[in-house]
Structure formats: structure tokens, C-alpha cells
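Summary of structural features
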Amino acid sequence: ETHMAECTLVEAVNLALARALADDPNVVVLGEDVGANGGVFRVTEGLADKHGHDRVQNTPLDESGILGAAIGLAIAGMRPIPEIQFEGFLGPAYDQIVNHAARYRNRTRGTVTIPMTVRVPVGGGIHAPELHSDSPEAIYSHSPGLKVVMPCTPYDAKGLLLSAIRDPDPVVFLENELLYGTSFEMSAEAGGEDFLLPIGKAKVMREGTDVTITAVSKMVGFALEAADALAAKGISAEVINLRSVRPLDREAIAASVRKTHRLVSVEEGWPQSGLGAEIAAVAMEECFDDLDAPVERVTGADIPTPYAKSLEDLAFPKPDDIVRVCERACFRSA
């Protein structure tokens, strides 16, 4: 197989945005500092110069206004891609996303849709202040009418973002801050102009027979590290990259559990009403008789993200935590 040069997640998102801007004159990017400065993480670098500052446009510091403008643009036939600088700043825009964007198709009985992709950096570990480090995927996946997507590799990021931009409905696209600089070889397929990944289809990253580990975003890499450590202990872990939180690939989860008979869900977000709670429900509803042990969850601590670096490191899951919980699942029976 031929390969492109190595590509980081930042570069993959930039490539997808550039492709979308070039392909469709209705695509516009808007957000704080996305123009000449290229955004806080330099994701939009060079796009304004190439495609025009009217199409890659700086906004005031007003998240509700950014989303309100984007919804208006979408109703008028555009395909807006608003960027929210950090996940905590989604709060002021919650009303626009959940009460308006998510409901517009239903409110108009399908005559108006909102083809909008909200890009947001998420996740802890960069030691930023509060409101910069949470993982809010469960909050937004609770709302019918929204899709919630979380890539973990540049390959995922490019293919899923292009699908999100083309989707007729609103997509909340969550990019992990610590993954931005991660570098992978991109296959020739991913470099192609027509490269798309379907939203709602999980990917088995590693085959296994003893325990299924489901994860999204940065936790996929941690799950793969844990699987290596488990293999050294004689435990064969299957790792599933969910890719999207809504729609959730129930079939992929159930198929894996029917093979391994054990399930460990890993997420960076809070435990109550979290992604792992939903995945546990999926296992109970779809393949309860196949489970040989209780479903286990590995999550972030049930606290506001600490500001102190040492405490922040303790607040989020590590590969060792996943190993410990998988061992517990494998050495107890239902």
C-alpha cells in the first residue's frame, strides 16, 4: 500500500476544511481568531488567505452569537462550520445547539434542516484553566437531532469531518486537544479527494477474544496501550473505536460482546449519565445472555476538572486503570 507523508490531526482537520471550502461555495468557517491567526490550535491556518476572509471569518467573543449566526446561515442555504475555542465555552451556546439547531428539522416537519458542523476542542491533560478540559460528549448526545462525532486519528478526523460537513443535520465534532499534535501515516485512500467515513460506524482497532474495550477519542490510544499490557498477561482484548457517540454503533458493540463475553467501557468524561452508562445499557438490551461478567466502566473522576497539574493527572483515566479493570472483568463471573 502506498502512503502519504505523516499527518497530524491538526493537519487532517485543516485538509478537510480546505477540501470543503474548495468544493462548495456555500461552506463558511466562523469563530474566534479563525481568520488571520488560524485559531488557538492553528487548525484553520492559511484558510482565510486562500479562500477569503469573508468565508473564514473572525467573530466577536460571543458563543451564543456564533451559533445563532451559524444557524441563520444554515437556514439560508449555507453550510457553516462554527468553531468554539474550548469545550467549556459551549455553555453559552447550549440553547442555540439543543433548543434550536437540534430541533429545527422536526419543528419544520422536515422542510428546513441545519447542515452545520460545530468544531470544538475537548479533553484534559493540557493543564489549562477550568472550562478548557472537560469531555461533554454525553451532554450533547442526549439530544435527538444532533450527531456527536469524536475522531481519534488523522484518518478518522479527515473522513468523518468531510462527512459531517456534507450531512444535512447538525453535527457536534469534538477534537481532543492532546491528539492535535499526534502524527500518523495517512494511507493513499485518505489522501483522495473523495475520502469519506460514514458517521455511526465503529472500527475494530484490535481483534481479541477475552474482553471488549470500547473507547472514543484519546481513550482509544489508551485502550490499545492497555491491550498490549494485557496481552503480556495472557488476556486478549478487543478494542473498538466508536468514532461517533450519536449515532452509537450498537451492532458493533453487541457483536464484539457476543465474541468476548466481557465489556469494559472507557471514557474521559464524567460517570453519571455518561457514555459508559449508555454502553452498559446497550449490552444489557442486546446481548445480556452473552455476558460472563458485569459491564465495567472506566471514566474521569466525578469532580470538576482540577486546576492543579498533579490533581488533573489523577482525574483522568490512564492505561493502567484500563488494565486493572479489564483484569477484574476477566477474573470474575456473572
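Here we summarise the structure given alongside this text. (Residues numbered from 1 in each chain as written. Predicted model: local features only at pLDDT ≥ 70, side-chain atom pairs only at ≥ 80, totals over all residues. Heavy atoms only, no water.)

1. Some words on the nonpolar core
To keep it simple, the criterion reads: Think of a nonpolar core as a cluster: buried Ala, Val, Leu, Ile, Met, Phe, Trp, Tyr and Cys residues, connected wherever their side-chain atoms sit within 4.5 Å. Whether a residue is buried, partly exposed or exposed follows from its accessible area with a 1.4 Å probe, protein chains only, as a fraction of its type maximum: under 20%, in between, or over 50%, in that order. Per the convention used, a helix needs a DSSP run of H or I reaching at least four residues, while a strand needs a run of E reaching at least two, with both numbered from the N terminus. Contact between two residues is taken to exist if any of their heavy atoms lie within 4.5 Å; hydrogens are not considered.
Residues Leu17, Ile213, Val264, Val266 and Ile322 are the most contacted members of the largest nonpolar core, which totals 58 residues. The element best represented in this core is helix 1 (residues 9-23), accounting for nine residues. When near neighbours in sequence (up to four residues on either side) are disregarded, isoleucine 322 contacts Ile213, Phe222, Ala223, Ala226, Val266 and Val298. Residues Leu90, Ile114, Val172 and Ala202 belong to the second largest nonpolar core, which totals 40 residues.

2. Regarding the packing of helix 10 (residues 250-260) against helix 11 (residues 275-287)
In plain terms, the rule: Every angle, taken between N-to-C directions, lies between 0 and 180 degrees, and every axis is a line fitted to C-alpha atoms, over only the stretch in contact when it is a helix. Orientation labels follow simple angle bins: below 35 degrees gives roughly parallel, above 145 gives roughly antiparallel, 65 to 115 gives roughly perpendicular, and whatever is left gives oblique. For a crossing to be left-handed, the near helix must be turned anticlockwise from the far one by less than a right angle; the clockwise case is right-handed. Amino acids outside the nonpolar list (Ala, Val, Leu, Ile, Met, Phe, Trp, Tyr, Cys, Pro) and the charged list (Asp, Glu, Lys, Arg) are all regarded as polar, and Gly is one of them.
Their axes nearest at 10 Å, the elements helix 10 and helix 11 cross at an angle of 65 degrees. Relative to helix 11, helix 10 is oriented roughly perpendicular. Here helix 10 runs over helix 11; the crossing is right-handed. Counted together, Arg250, Ile253, Ala254, Val257 and Arg258 of helix 10 and Glu278, Ile279, Val282, Glu285, Glu286 and Cys287 of helix 11 form the full contact between these two elements. The class makeup of the residues in the contact of helix 10 with helix 11 is six nonpolar, no polar and five charged.

3. Some remarks on the pattern of salt bridges
Close approach of charged atoms lets side chains of opposite charge pair. Our working definition: The working definition used for a salt bridge is a side-chain nitrogen of Lys or Arg within 4 Å of a carboxyl oxygen of Asp or Glu.
Scanning the model with the defined rule gives 17 salt bridges in all. With a closest N to O distance of 3.0 Å, aspartate 156 and arginine 243 form a salt bridge. Placement of the pair is aspartate 156 in helix 7 (residues 154-166) and arginine 243 in the loop between strand 11 (237-241) and strand 12 (244-246), with a sequence separation of 87 residues. Of the two residues, aspartate 156 and arginine 243, neither departs from the other in class, the shared state being buried.

4. Points about helix 9 (residues 218-232)
Quick reminder of the rule: To estimate how far a helix should reach, multiply one less than its number of residues by 1.5 Å.
Compared with the 21 Å implied by 1.5 Å per residue over 15 residues, the 22 Å span of helix 9 between its first and last C-alpha is a close match. Looking at helix 9, one finds that the buried residues are Lys218, Met219, Val220, Phe222, Ala223, Ala226, Ala227 and Leu230. Note on helix 9: the residue one or two positions beyond its end, glycine 234, has a positive phi of about 85 degrees.

5. A look at the state of the cysteines
Put simply, the test is: Two cysteine sulfurs form what is called a disulfide whenever their separation falls within 2.5 Å.
Summed over the entire model, instances satisfying the criterion amount to zero disulfides. Between cysteine 152, a cysteine without a disulfide, and cysteine 7, which holds the nearest cysteine sulfur, the sulfur-to-sulfur distance is 14 Å. You can call cysteine 152 buried: its relative accessible area is 7%.

6. Digging into the sheet that holds strand 14 (residues 296-298)
This is how it is decided: Two strands pair if DSSP finds at least two bridges between them.
Sheet architecture is open: five strands sit in the order 9-11-10-13-14, paired in mixed fashion. The sheet terminates laterally at strand 9 (203-206) and strand 14, the two strands that pair on one side only. In this sheet, adjacent strand axes meet at a mean angle of 25 degrees when their direction is disregarded. Both strand 13 (residues 263-266) and strand 14 contribute to a ladder of three bridges, which runs parallel. Directly across from serine 265, in strand 14, lies its bridge partner arginine 297.

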